[in-house]
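Topology and contacts: notes
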There are 2 protein chains.
Amino acid sequence: MTGTLTIVGLGPGPEGWVTPAATEAVDHADMILGYAPYVNRLTPKAGQVFEATDNREELARAERALHLAGSGRRVALVSGGDPGVFAMAAAVYEAVEKNPASAEKIDIRVEPGVTAMLAAAARIGAPLGHDFCAISLSDNLKSWATIEKRLRLAAEADFVIALYNPASKARPQQIKQAFDLLAGVLPAETIVVFARAVGRADEEVDVTTLAHATEMPCDMRTLVMVGSRETRKVVAADGRAWVYTPRSERER
Amino acid sequence: MTGTLTIVGLGPGPEGWVTPAATEAVDHADMILGYAPYVNRLTPKAGQVFEATDNREELARAERALHLAGSGRRVALVSGGDPGVFAMAAAVYEAVEKNPASAEKIDIRVEPGVTAMLAAAARIGAPLGHDFCAISLSDNLKSWATIEKRLRLAAEADFVIALYNPASKARPQQIKQAFDLLAGVLPAETIVVFARAVGRADEEVDVTTLAHATEMPCDMRTLVMVGSRETRKVVAADGRAWVYTPRSERER
């Protein structure tokens, strides 16, 4: 092996959620590549080169990371959350598939991280306490018909549904379409959690029901969780409330 | 608030995967409760009391943790992986629901962690690179009929399927039933990953197809991932192979 490429998950934001193994991988790299907001979370050490790029260039960034590692560099390619969940790890293996020679002599590793839905769930209770799924609402790379089919089947299966990339400036309406579709399968009182910027100073976590979900603001920094039929609010004697999905199913 | 209860995720095993926030929560606790294998990963500090219990006592352990925190202790309730995924966080909120007064004056927090499927995925490539679901195969708390229904719908939705608790001594056959069911929906060449004891000295990760999945050994320490129709092997020019699920869907 001549170079190394480590695809590193930096977690949702705070340093307390960056694993020691991720920190070590970043510390040992001589080049750090990634989408600018993630690269900007790090402080360059002596001899390190930082290269921040735009969000829509995942495959080109993966190819460049392979190229640099192939020339003997120790490269860290950083993602927010976990790099294997709607992030850079898949882009790297896509680049390897396109050009199998590009991986030659490179030690490729993935360093896992805390993905957004785990942090969001932790903040509100335990909504992912039972079977769940994760769906990206971005239709850049798949058809909206596929997304609709998955939403419908996930609701029929009674999964808790974590929605990544629920909305962007280019597609503010799709999350509303998703809620409308889900409302055709799930009860109106199904719990919906909006977790925005979890772990950051402007963190905001709101709980509503499917009947009112389309009224809620939602952007690229929001993680949405739609409950299963079992997901419920639990209220302490002093009025504090959490959301959780029990480990067991009710008798029906 | 008089006491604190932090439900802490210790990650899949190695210290490099324990977040600094989880370590801090454990360091600041004066009592540490949990299933023995997780408690045993920690070293007691001066003044700390460790209380390890059996796996089948989640609700009783949650009630005891609330009771101790209610009496003013700083309690850490530890789980492997992420505490919100098939682990202790849901048991705590279940205990609060049963007895809302038991949460009174307790600061309850959840510290997220790297859940098993993220670590397993990282080891083999990026199998969770697209929409996926997580299903616990344990039928202690739900019916096998519910599990079968979810497996069938998940396969129809073309989710990558992460199977937690795939087998135990008491139910060695269910994972085989699950594979048989999935083989009725998915192609025989669908990729299946068996990731055992990821991050430990005896780690073993094997890749096979659905046609041969029932031949593979599988126990409580195994995390199984069944690919979607898009999940594939990618082989570098030098013969190394990984498994990944592309971010985009093929034209059909």
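Quantities reported herein were computed from a predicted structural model and do not represent experimental measurements. (Residues numbered from 1 in each chain as written. Chains lettered and ligands numbered in written order. Predicted model: local features only at pLDDT ≥ 70, side-chain atom pairs only at ≥ 80, totals over all residues. Heavy atoms only, no water.)

A few points about the overall build of chain A
Keep this limit in mind: Each helix is a run of DSSP H or I of at least 4 residues and each strand a run of E of at least 2, with the numbering of both proceeding from the N terminus. As a reference, a globule follows 2.2 Å times the number of residues to the power 0.38, and the radius of gyration itself is taken over C-alpha atoms. Only protein chains enter the accessibility calculation, which uses a 1.4 Å probe; a residue is then buried when its area is under 20% of its type maximum, exposed when over 50%, and partly exposed in between. It only takes one pair of heavy atoms within 4.5 Å for two residues to be counted as in contact. Accessibility throughout is a Shrake-Rupley quantity obtained with a 1.4 Å probe, and a residue counts as covered only by protein chains that appear here. Counted as positive: Lys and Arg. Counted as negative: Asp and Glu. His and the chain ends are not counted at all. Every charge is mapped to an atom, namely NZ of Lys, CZ of Arg, CG of Asp or CD of Glu.
For chain A, the count of helices and strands is seven helices and 13 strands. In terms of C-alpha radius of gyration, chain A reaches 20 Å, essentially the compact-globule figure of 18 Å for 252 residues. By principal-axis analysis of the C-alpha atoms, chain A measures approximately 60 × 40 × 35 Å. When the 252 residues of chain A are sorted by exposure, 56% land in the buried category. Taking the contacts inside chain A whose residues are at least 6 apart along the sequence as the reference set, 67% of them involve residues at least 24 apart. On chain A, roughly 9,800 Å² of surface is accessible, and the fraction owed to carbon and sulfur atoms is 49%. Considering chain A, the positive charge centre built from 28 side chains and the negative charge centre built from 32 side chains are found 1 Å apart.

Considering the pairing of strand E4 (residues 74-79) of chain A
Residues and elements named next belong to chain A. Quick reminder of the rule: Strand pairing is assigned whenever DSSP identifies at least 2 bridges connecting the two strands.
Counting buried positions over the six residues of E4 gives five, a clear majority of the element. Here six bridges tie strand E1 (residues 3-9) to E4, and the two strands are oriented parallel to one another. Residue Ile7 lies in a different strand from E4, and its bridge partner there is Leu77. For strand E2 (residues 31-35) and E4, the ladder comprises four bridges, and the chain directions are parallel. Each residue of the ladder has a partner; that of Leu33, found in E4, is Leu77.

A short note on the environment of Val185 of chain B
All names here are of chain B. Looking at the element boundaries, Val185 is found in the loop between helix H7 (174-183) and strand E9 (191-196). Residues Val185 and Ala155 lie 30 residues apart in sequence; the distance between their C-alpha atoms is 6.4 Å. For Val185, the contacting residues outside a window of four places in its chain are Arg152, Ala155, Glu156 and Arg229.

Overview of helix H4 (residues 88-98) of chain B
Taken across its eleven residues, H4 of chain B has nine buried, putting it largely inside the fold. Among the residues of H4 of chain B, those classed as buried are Met88, Ala89, Ala90, Ala91, Val92, Tyr93, Glu94, Ala95 and Val96 of chain B.

Digging into the environment of His67 of chain B
Residue and element names in this part refer to chain B. Positionally, His67 belongs in helix H3 (residues 58-70). Residue classification places His67 among the exposed residues on the basis of a relative accessible area of 54%. Along the sequence, His67 and Ile161 sit 94 residues apart, while their C-alpha atoms lie 37 Å from each other.

Things to note about the side chain of Thr190 of chain B
Residues and elements named next belong to chain B. Relative to the helices and strands, Thr190 resides in the loop between H7 and E9. On the basis of relative accessibility, which here comes to 4%, the residue Thr190 falls in the buried class. Once residues lying within four places of it in the same chain are set aside, the contact partners of Thr190 are Thr208, Thr209, Leu210, Val226, Gly227 and Ser228.

A few points about the interface of chain A and chain B
As a measure of interface size, the accessible area lost when the parts come together is often cited. Inclusion rule: Put simply, buried area is how much 1.4 Å-probe accessible surface two parts lose in total, over both of them, once they are put together. The salt bridge criterion pairs a side-chain nitrogen of Lys or Arg with a carboxyl oxygen of Asp or Glu, the two atoms within 4 Å. Here a polar contact means two N or O atoms within 3.5 Å. Within protein one must be a hydrogen donor candidate and the other an acceptor candidate, and residues neighboring in sequence count only if both atoms are side-chain atoms.
On the side of chain B, 76 residues touch chain A, which itself brings 76 residues to the contact. Looking only at chain A, the three residues that lose the most surface to chain B are Tyr93, Arg150 and Arg247 of chain A, adding up to 12% of its buried area. Here Asp131 of chain A makes a salt bridge to Lys142 of chain B, at a shortest N to O gap of 2.4 Å. Viewed at the interface, chain B and chain A are joined by 33 residue pairs in polar contact (both at pLDDT 80 or more).

A short note on the side chain of Thr222 of chain A
Residues and elements named next belong to chain A. On the secondary structure map, Thr222 appears in strand E11 (residues 222-226). Here Thr222 falls in the buried class, since its relative accessible area comes to 4%. Reaching out from Thr222, the side chain makes a polar contact with the side chain of Asp219 at a distance of 3.0 Å. Thr222 has contacts with Leu163, Pro166, Phe194, Ala195 and Arg196, leaving out every residue within four places of it along the chain.

A few points about helix H1 (residues 20-27) of chain A
All names here are of chain A. So the rule is basically this: It is the directions from the helix axis to the C-beta atoms that the arc portrays.
Those residues of H1 not exposed but buried are Ala21, Ala22, Ala25 and Val26. An end-on view of H1 places all buried positions within 140 degrees of arc, on one side of the element. Those residues of H1 that are buried lie in contact with E1, E2, E4 and strand E5 (106-111).

Some words on the domain arrangement of chain A
Residue and element names in this part refer to chain A. So the rule is basically this: Segmentation of the chain into domains, including their bounds, is taken from an automatic or database domain assignment. Just so you know the grouping, Ala, Val, Leu, Ile, Met, Phe, Trp, Tyr, Cys and Pro go in nonpolar, Asp, Glu, Lys and Arg go in charged, and all remaining residues, Gly too, go in polar.
Taken as a whole, chain A is organised into domain 1 (3-114) and domain 2 (117-244). Using C-alpha coordinates to define each centre, domain 1 is positioned 28 Å away from domain 2. Facing the nine residues of domain 1 at the interface are eleven residues of domain 2. Overall, the association of domain 1 and domain 2 removes approximately 810 Å² of surface from exposure, summing both partners, and the carbon and sulfur fraction of that is 67%. On the domain 1 side of the contact with domain 2, Trp17, Arg56 and Phe86 bury the most area, a combined 53% of that side's loss. Counting every contact that joins domain 1 to domain 2 gives zero salt bridges. Here the side of domain 1 that touches domain 2 is composed, by residue class, of six nonpolar, one polar and two charged.

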